[in-house]
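Now for the letters of each chain:
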Amino acid sequence: MRKTLAAATATLAAVLALTACSPTYAPGPAGTVSDRSAAYFKSGGWHYRLTVTTNDGRHHGFRVTRADYAHCFRGSAYPTCTHR
């Protein structure tokens with residue numbers, strides 16, 4: 001019984017640690033996704049970026065989470081595309 005309780009507690013602690021460490025980034029401006037890039041840095045892991053063109057024609061590049069990157073394609077409306 002103690003081993004089962006200890007295993008359950010360890011599993012719960014690992015899940016909480018992984019979910020608590022998920023990155024959050026400031027949202028970018030509303031617009032149309034014009035570019036996507038995923039760059040790998042050896043010590044930092046994957047870095048996902050979107051470039052959005054706003055209504056006034058300006059381009060804004062900003063970092064996003066992996067989920068936002070996976071949901072937003074070129075031509076999609078940002079931030080609407082993140083809510084799929």
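Details of the structure are given in the entry above.
Throughout, a residue's number is its position along its own chain's written sequence, starting from 1. Note on the predicted model: pLDDT of at least 70 is required for a residue's local features to be given, and 80 or more for side-chain atom pairs to be given and counted; whole-chain, interface and lining totals, by contrast, use all residues. Neither water nor hydrogens contribute to the side-chain values; these are computed over all heavy atoms in the structure.

### Here we look at the pairing of strand 1 (residues 31-41)
The pairing of strand 1 with strand 4 (residues 77-78) spans two bridges and is antiparallel. Within the sheet, the bridge partner assigned to Gly31 lies in strand 4 and is Tyr78. For two strands to be treated as a pair, DSSP must find no fewer than two bridges joining them. Note on conventions: DSSP H or I runs of at least 4 residues are helices, E runs of at least 2 residues are strands, and numbering of each starts at the N terminus. Judged from the nine bridges that link them, strand 1 and strand 2 (residues 45-53) form a sheet pairing that is antiparallel. For Tyr40, the partnering residue across the bridge sits in strand 2 and is Trp46. Between the end of strand 1 and the start of strand 2, which pair antiparallel, lie three residues.

### Let's talk about unusual backbone geometry
Of note, the amide linkage connecting Tyr78 to Pro79 takes the cis form, showing an omega dihedral of 10°. Tracing the backbone through its elements, the reader meets Pro79 in the segment after strand 4.

### A word on the pattern of salt bridges
Think of a salt bridge as a Lys or Arg side-chain nitrogen and an Asp or Glu carboxyl oxygen that are within 4 Å of each other. The tally for this structure, following the rule as stated, stands at two salt bridges. Arg74 is paired through a salt bridge with Asp35; the nearest N and O atoms lie 2.9 Å apart. Here Arg74 is found in the loop between helix 2 (66-71) and strand 4, whereas its partner Asp35 is found in strand 1, with 39 residues between them in sequence. The class of Arg74 is exposed, set by a relative accessible area of 57%. Across the salt bridge formed by Asp56 and Arg58, the nearest N and O atoms sit 3.9 Å from each other. Comparing Asp56 with Arg58 shows no difference in burial state: the two are exposed. Only protein chains enter the accessibility calculation, which uses a 1.4 Å probe; a residue whose area is less than 20% of its type maximum is buried, one above 50% is exposed, and one in between is partly exposed.

### Considerations on the packing of aromatic side chains
Working definition: an aromatic ring pair is given by the centre-to-centre distance plus the angle between the planes. Under the pairing criterion, centres of Phe, Tyr and Trp rings, with the six-membered ring standing for Trp, must be within 6.5 Å; the plane angle then separates stacked pairs below 30 degrees from edge-to-face pairs above 60, leaving the rest tilted. Under the defined criterion, the tally for this structure stands at four aromatic pairs. Relative to Tyr48, the ring of Trp46 lies with its centre 6.4 Å away and its plane at 20°, an arrangement referred to as stacked. Each ring, one from Tyr48 and one from Tyr69, has its centre 4.9 Å from the other, and the planes form 40°; the classification is tilted. In this pair, Tyr48 is assigned in strand 2 and Tyr69 in helix 2, connecting sequence segments 21 residues apart. The class for Tyr69 is buried, based on a relative accessible area of 15%.

### Remarks on the side chain of Ser76
With respect to the helices, strands and loops of the structure, Ser76 is situated in the loop between helix 2 and strand 4. You can call Ser76 buried: its relative accessible area is 12%. A distance of 2.6 Å separates the side chain of Ser76 from the backbone oxygen of Phe73, its partner in a polar contact. Every residue pair with non-hydrogen atoms within 4.5 Å of one another is taken to be in contact. Every residue in contact with Ser76, bar those within four places of it in the chain, is listed here: Gly31, Thr32, Val33 and Cys81. A 3.5 Å cut-off defines polar contacts: any pair of N or O atoms within that distance qualifies, except that in protein one atom must be a possible hydrogen donor and the other a possible acceptor, and neighbouring residues in sequence count only when both atoms are side-chain atoms.

Purely geometric numbers; function is a separate question.
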